Every structure is written in structure tokens, then in C-alpha cells.
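Chain and residue survey
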Amino acid sequence: MEDNAGKILSAGGGGKELTMEKDEATPSGEEYEVEAVVDYVKDEAGKEWYQVKWKGYPTDQNTWEPKDNLTGCNKRIKKFHKHLKIEKLNRKQYKRKRQRSEEHLEMSKKFAKLESLVDHELMPLDFAAKKALAKRSLQKWEDDMNMTSKPKKEAKIIVENDVDAEGPPQDFTYIIDYKAVGELEIPKDPLVGCECEDCYEDGGPQCCPKNSGSHNPYHKNGRVKVPPGTPIYECNKRCRCGPRCPNRVVQRGRRFKVSVFRTNNGCGWGVKTLQDIKKNSFVMEYVGEVISNEEAERRGRVYDANGRTYLFDLDYNDGDCPFTVDAGRYGNVSHFVNHSCDPNLVVYGVWIDTLDPRLPRIALFACRDIAAGEELTFDYQMTGEINSSRFGSVKLQPIKCMCGTEACRGFLF
């Protein structure tokens, strides 16, 4: 160490001056063992100095030494710089996290203030503010739908609204299975199941489809091979075959990512696929409240007044339609699928754990190849698929169709 005191700048670049007094220097020619390197600085000339803790001496005896004096201390110096780098990184990360937290808190306060003003009607919101509120509520709705879909491990749903400031639909609850209403009970304990180990290769007359008087409905890749109108009997919880059985398709849930999006043609919400879908692939189920025919008539009159309905008669057997599915207040992503006179989805009746012929599940399959980004649609009339239309016997006032296809019939019903 030099005889005269030197001025050095601290490592943090803050400009703090430290003075090295003459009596702090290590006696010339003597060697001491370094226990640890505890600080580091560069002086104005670029010379490196280290504050060291000497073995066997208290901390108040620590001294500043030029790097040249610290022979044999390379490992300790490297270790010190490594810890110094980690410490600086941690400080930066903490600062960023704190900044983000403060920004998030400030944004939450702004949204809370806006929501309060809207709730109390103290001020009219401009479009940008309404859009911001809608975006926030739509994100929560998206998260809730995906959380509800987790038990079936269904593909992700995203929500998009680039058209207006509309938020989530009011009085609608997302579900993934039928919801029985009133005294109705949906049996889910089948009396029989098959003993097949491989229902595709070894499925004999006792396999579920053939035992129910039907045909093997699927190819080995899970795509349907029977025409619409053919009943589909999947393997159920009593069957010996495993979950990857080719005859378990609908029960595995929706496999394709979709977007619930705001349409720009006046049709409200719609659904589009985010992945390519091959012809005859299962896409989704139509679920909702299962209600009696009498309740369907009552609700139908209410829907008639609004010019829209979500009633779907379970009329697979001619002349016997005691039950209807209503997806108006409870439903899944199919609630938002729009009508088309030239649709890309077609309807099948499917039986799994409920073998009551009056309670089929409603499954939507692709009737042609569907490209990613294309809107998903089905024909609300469904002529020739399940014996009646989606609306069953409910009498609705004619509504103009806006599907825009060459095959458009002019009216939805």
C-alpha cells in the first residue's frame, strides 16, 4: 500500500469517497492470512482495491489492500465477485418486482374507482374506459371457464372481443355436464359393460355398440365412421377396457383449443377453432339444464318473446320426447356456437354411462375439414340428423338468418 493516503470511489458508483489512512497499511514485508474479502472498489486511476478480513483479527482491523498485495487469494476474490454479482441481480429483481407491484396496485385502484363510478352511475364512461373494464372482466371469465373445464382436462378456451365493449354474458354459468332440474334424476350407473380388452380389434357381439344393436362407431383414430342419425354407444364405467379405448371419444371431452369471440356481423358471440380439425373428429358436446317437456314449453314462451332459444329436444326416439336440454343459463362453449345453413358441425346422439334411450348426450362432430381460425357452426334445424330441430316443438317467430352462405335459407326457423 502507498505511504500517502489515496482517495477511491465506492463500487456502487455512488461517488462516496473513502480515505486510506497511512496507519491502515499492512507493514511492509509482513504476510498475513486472508480470511475473507468483504468489499471492493476502484480508484480514479482504475486501480482495484479490496477490503479484507484478516484471519485471527477482529473486523475493526480490516484493511484495504491493492489487488497486487493479495497473492494466492484468487479463489476468494472470484467467490466475492460471484456473490457481489448475485446480490446486485437480486436487488434489481426486487426493484422490478416492487415497481410492477406498485403499478398493478395503482391500476387496480383505477379500475376499482371506475367500477364504483359505474355502479353508482356518477359519470358516463367513454368507450376506452368501458373497453378496459370489459377486457378485465372477460379475462376473469376466461380463467373461470378454463378452471371449470379442468376435471375433464379439456383444451384451453380464450375469449376475444376486438369489436365492442361487451363484457361476459349476464346470468350464464359455465358447466361441463348435464344439470338435472327439479325432481329429474339422470342415472349414471350402467347395468352392463363389455369384457373386451381391445374393443377395436377384439370387439365381438358383447361389445357395447353391438350389444346395443348398433355398429362400431369409430375408426381407431377416434373419428366417427357411421352416418348422422346412427346411435353411438361408447364404453362405460363398467367396461373392462381402459381409458384409451377407441370407443371412448366423447367422454374424453373437447380436445381442440377454441376461442369465444365477438363477431362483427351482428351475431353476438361466436366460437372459432384455434387448431385444424379433420373431418369426422369429435369437437364438443352440447350441455345445459335437462328439463321436462312441460318446463320446456314454459321457457319456450319466454324465449319466443326474446326471439332466441337454446332449447334442444332429446327426441331421438320418434314420438317420445319427455326431456329437453336448455343451454340458456347453464352451458358450455357450445352455448356460443352460431347457426349456419351450411355448417361445419353435425349432431350425433351418444350414450355412455346413462343408457336411458330418452337421455342421449348431444355430440358435435366435424362434417368436413375445418381450418384454424374458422368459425364453428351447426344447423339449428338439423334436418335428418336427430328427428327434429334444435328448437323442438317450440313455436318461435321467424328470425332472419345472417349466416351469409350460398345455401342460406333466409331464416333461422
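Preceding this paragraph is the structure being described.
Residues numbered from 1 in each chain as written. Predicted model: local features only at pLDDT ≥ 70, side-chain atom pairs only at ≥ 80, totals over all residues. Heavy atoms only, no water.

Now for the overall build of the chain. Each helix and strand counted, the chain has 4 helices and 20 strands in total. Of the contacts formed within the chain by residues at least 6 apart in sequence, a portion of 64% connects residues at least 24 apart. (Helix = DSSP H or I, 4+ residues; strand = E, 2+ residues; numbered from the N terminus. Contact = heavy atoms within 4.5 Å.)

Within strand 4 (residues 48-54), 5 of the 7 residues are buried, which leaves it mostly tucked inside the rest of the structure. Across 7 bridges, the pairing between strand 3 (residues 34-43) and strand 4 is antiparallel. Bridging across to strand 4, Asp39 finds its partner in Gln51. Between strand 3 and strand 4, which pair antiparallel one after the other, the connecting turn spans 4 residues, and Gly46 there sits at a positive phi close to 90°. Taken together, the 4 bridges between strand 4 and strand 5 (residues 63-66) define a ladder with antiparallel strand orientation. Looking across to strand 5, one finds that Val52 is bridged to Thr63. (Buried < 20%, exposed > 50% of the residue type's maximum accessible area, 1.4 Å probe, protein only. Pairing = 2+ DSSP bridges.)

So, about the layout of surface pockets. The computed volume of the largest pocket comes to approximately 410 Å³. Lining the largest pocket are 24 residues, and of these Cys267, Asn338, His339, Met402 and Cys403 lie nearest its centre. (1 Å grid on protein atoms, 1.4 Å probe; cavity = no way out; pocket = protein on both sides within 12 Å on 5 of 7 lines; lining within 4 Å. Points joined across faces, edges and corners; volume = space filled by probe spheres on them.)

Moving on, we come to the sheet that holds strand 6 (residues 157-160). The 3 strands are arranged 6-10-11 in an open sheet whose pairing can be described as mixed. Of all strands in the sheet, those with a lone pairing partner are strand 6 and strand 11 (269-273), marking the two edges. Across the sheet, the axes of successive neighbouring strands diverge by a mean angle of 25°, strand direction being ignored. Examined bridge by bridge, strand 10 (residues 258-262) and strand 11 share 5 bridges and lie antiparallel to one another. Note on strand 11: the bridge partner recorded for Val260 is Val271. Across the face of the sheet, helix 2 (residues 127-149) comes into contact with strand 6, strand 10 and strand 11 while running at roughly 165° to strand 6. (Axes fitted to C-alpha atoms, helices over the stretch in contact; angles between N-to-C directions.)

Attention shifts here to the sheet that holds strand 8 (residues 179-180). Across the sheet, 4 strands lie side by side as 8-13-15-14; this open sheet has mixed pairing. Strand pairing shows two members of the sheet lacking a second neighbour, strand 8 and strand 14 (311-313), which therefore form its edges. Looking at chain direction, strand 14 and strand 15 (residues 323-326) are connected through 3 bridges and run antiparallel. Of the residues in strand 15, the one forming a bridge with Phe312 is Val325.

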